[in-house]
Amino acid sequence: MTQNIAAIAYLIAGVLFILALRGLSSPETSRRGNLAGMAGMVLAVLTTLYVADVRFSDGLTWGLIGAGIAIGGIMGVVIARRIPMTAMPQLVAAFHSLVGVAAVLVAAAALYTPEAYGIGTQEQIKLSSLIEMSLGVAIGAITFSGSVVAFAKLQGLVSGAPVAFRGQHPLNALLGLVTIGFIVWFCTSQAHTAFWSLTALTIALGVLIIIPIGGADMPVVISMLNSYSGWAAAGIGFTLENTALIITGALVGSSGAILSYIMCKGMNRSFFNVILGGFGGKSEVSGAQVEQRPVKQGNAEDAAFILKNAGSVIVVPGYGMAVAQAQHALREMADMLKKKGVKISYAVHPVAGRMPGHMNVLLAEANIPYDEVFELEEINNQFAQTDVAFVIGANDVTNPAAKNDPSSPIYGMQVLDVEKAHTVLFVKRSLAPGYAGIDNELFYRDNTMMLFGDGKKMVEGIVKLL
Amino acid sequence: MAEIAQIDPFIFRISIFVLAIFVGYYVVWSVTPALHTPLMSVTNAISSVIIVGALLAVAVNMKEVGGGGTVSVSKALGFVALILASVNIFGGFLVTQRMLGMYKKKQK
């Protein structure tokens with residue numbers, strides 16, 4: 001009877017998690033959705049405590065449970081309160097790694113005490129459980145170390161440039177085969193050595209999979225690791241025969257996979273192309289090839305004049321805006337222009353920033369209403385009727401070469417048609433090419449004015465003159 | 001005919017799994033791109049429902065199961081997993097809530 005009640009409770013928890021994701025279809029329903037998710041989590045935890053049937057007299061166990069949740073909870077609350085929005089990609093990567101470690105640890109606990117999970121006794125674990133467990137561990141360990149590498153790259157602890165060496169792909173393929181061998185070894189022997197060898201190997205594999213992928217491909221990497229963390233949870237869910245965990249794993253797994261797909265499509269690259277890595281490492285444009293073409297250069301005064309006299313402005317933010325922390329100054333500028341009767345909207349490219357939806361969060365943080373922010377498809381045909389396109393911190397996603405230069409590495413990628421606006425104001429530190437290492441012909445167009453300098457300082461300068 | 005009546009419970013679980021993948025597929029496609037970052041942080045939080053595995057490991061009763069040393073190992077592993085999953089649950093849900101609180105409509 002206990003088991004039946006628990007199974008239904010876990011199912012309800014799973015449904016609440018589905019509602020949490022469903023809520024994200026619009027900002028209005030999203031907060032309610034998040035509360036549903038929290039309720040689902042509370043239900044899952046309470047159900048587990050009910051099933052585990054810990055005696056009231058068992059002080060040690062209650063102490064451990066209370067202490068564990070308290071320590072983790074306090075750390076979680078502090079992190080959630082303090083983290084700046086620009087650091088969200090790192091935070092999500094770090095959180096993914098925790099899911100990965102937790103999956104490995106739970107699988108190890110199941111191996112050492114299978115009785116606790118009802119999957120057999122020591123050295124006598126059911127084969128199906130062993131297979132599920134080893135898959136959970138392998139994916140969990142890859143998620144863990146891959147996320148740590150992604151975190152280090154995003155946080156700037158290591159260079160974001162792709163690390164490539166000879167024989168990289170054959171080595172990974174070989175390690176993949178050895179992993180399968182270790183899984184067979186573990187499933188047939190149930191040896192602890194086999195389990196820990198598998199863990200160590202897949203941790204190494206996780207590092208090797210992520211190091212060749214460059215900084216600006218991080219949106220794909222984070223989405224992919226998101227997906228992995230889901231599959232790892234599902235694997236453990238099968239071991240534990242727990243419906244809530246299986247449903248959640250499937251949801252998260254497919255969510256991450258869809259986001260990876262959207263990001264790859266945004267860059268017009270195949271998933272395998274991204275995974276194999278090496279893109280955007282060294283600039284392929286040699287110094288001699290970069291022609292010294294004249295550019296029209298302006299200062300804050302010129303920009304303020306142009307913006308004041310415009311009827312409509314589309315702001316195109318990119319990762320550079322986040323780096324310069326220019327979003328608040330940008331909002332101020334927009335507010336002043338709005339008072340002067342200028343219509344302001346924002347155009348967000350799917351791969352702008354370092355994770356899916358990164359720009360939207362930063363703009364929201366600066367109190368920019370979400371109904372002024374548009375996706376590429378929604379706004380792209382409006383550039384032609386717009387007086388000023390204000391590009392700040394974006395580069396490759398505005399490059400017309402993607403449309404008219406078949407030899408360009410980004411040819412075919414959907415880009416924002418900023419050059420169709422009457423005037424393009426381009427805030428940038430220098431003429432250096434963007435991440436993809438390609439020159440942007442937009443800089444040299446007659447209707448483009450380059451505003452060289454730090455994004456935040458430039459915008460603040462414009463605000464003073466408005 | 002007893003075999004017909006008894007379906008391996010694994011089949012039920014795999015059915016739930018496959019159906020949940022489809023549910024996830026359709027639900028996630030309906031998420032507005034503006035909320036993709038909160039989507040990632042909330043999926044992160046909910047995947048930490050792996051905490052149930054950690055709780056079961058911590059809650060294992062040493063006397064009933066026997067096995068001595070290995071049970072303490074499980075309890076310790078479970079305890080660490082419990083802390084990590086809690087960080088993720090509290091951190092994940094709260095940071096999502098914080099982000100969602102920032103999305104405001106135009107004031108008319």
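Residues numbered from 1 in each chain as written. Chains lettered and ligands numbered in written order. Predicted model: local features only at pLDDT ≥ 70, side-chain atom pairs only at ≥ 80, totals over all residues. Heavy atoms only, no water.

Q: Hey, could you run me through the interface of chain A and chain B in this one?
A: Size of an interface, as often reported, equals the accessible area lost when the parts are brought together. Listed as interface residues are 106 residues of chain A and, on the opposing side, 81 residues of chain B. The contact between chain A and chain B buries some 8300 Å² in all, and 77% of this surface belongs to carbon and sulfur atoms. With a closest N to O distance of 3.4 Å, R13 of chain B and E241 of chain A form a salt bridge. Where chain A packs against chain B, one counts 24 residue pairs in polar contact (both at pLDDT 80 or more). Residue assignment for the side of chain A that touches chain B shows that the elements contributing at least two residues are α1 (2-22), α2 (27-52), α3 (59-82), α4 (88-112), α8 (218-240), α9 (243-266) and α14 (358-365) of chain A. In terms of residue count, the dominant contributor to the side of chain A that touches chain B is α3 of chain A (17 residues). Considering only residue class, the side of chain A that touches chain B consists of 67 nonpolar, 26 polar and 13 charged. (Contact = heavy atoms within 4.5 Å. Buried area = accessible area lost by both parts, 1.4 Å probe. Salt bridge = Lys/Arg side-chain N within 4 Å of Asp/Glu carboxyl O. Polar contact = N/O pair within 3.5 Å; in protein donor to acceptor, adjacent residues only side chain to side chain. Helix = DSSP H or I, 4+ residues; strand = E, 2+ residues; numbered from the N terminus. Nonpolar A, V, L, I, M, F, W, Y, C, P; charged D, E, K, R; others polar.)

Q: Quick question: what am I supposed to make of a nonpolar patch on the surface here?
A: There is a patch of nonpolar side chains on the surface, built from Y261 of chain A together with I7, I11, F12, I14, V18, F22, Y25, Y26 and W29 of chain B and spanning about 1000 Å² of accessible area. In this fold, Y26 of chain B is placed in helix α2 (residues 9-29). (Patch = residues over 30% accessible without salt bridge, like charges linked within 9 Å, V, L, I, M, F, W, Y side chains within 5 Å. Areas by Shrake-Rupley, 256 points an atom, 1.4 Å probe, with all protein chains shown as cover.)

Q: Any chance you could explain the sheet that holds strand β8 (residues 448-452) of chain A here in plain terms?
A: Strand pairs in the sheet, formed through backbone hydrogen bonds, run parallel or antiparallel to each other. All names here are of chain A. Pairing is parallel in the open sheet, where six strands are placed in the order β5-β4-β3-β6-β7-β8. Of all strands in the sheet, those with a lone pairing partner are β5 (373-375) and β8, marking the two edges. Neighbour to neighbour, the strand axes of the sheet diverge by 25° on average, direction disregarded. As paired strands, strand β4 (residues 343-348) and β5 are joined by three bridges and run parallel to one another. What sits directly across from Y346, in β5, is V373. (Pairing = 2+ DSSP bridges. Axes fitted to C-alpha atoms, helices over the stretch in contact; angles between N-to-C directions.)

Q: Looking at this model, I keep getting lost on the packing of helix α11 (residues 300-308) of chain A against helix α17 (residues 455-465) of chain A. Mind explaining?
A: The description of two helices packed together rests on the angle between their axes and the distance between the axes. Residues and elements named next belong to chain A. One can describe the packing of α11 onto α17 by two numbers: an axis separation of 8 Å at closest approach and a directional angle of 60°. Here α11 is positioned oblique relative to α17, judged by the angle of their axes. As for the relative orientation of α11 and α17, their crossing is right-handed in sense. Where α11 abuts α17, its residues A300, E301, A303, A304, L307 and K308 lie against M458, G461, I462 and L465. Grouping the amino acids of the contact of α11 with α17 by side-chain chemistry returns seven nonpolar, one polar and two charged. (Parallel < 35°, antiparallel > 145°, perpendicular 65-115°, else oblique. Left-handed = near helix turned anticlockwise from the far one by under 90°.)

Treat this as a map of the structure, not an account of what it does.
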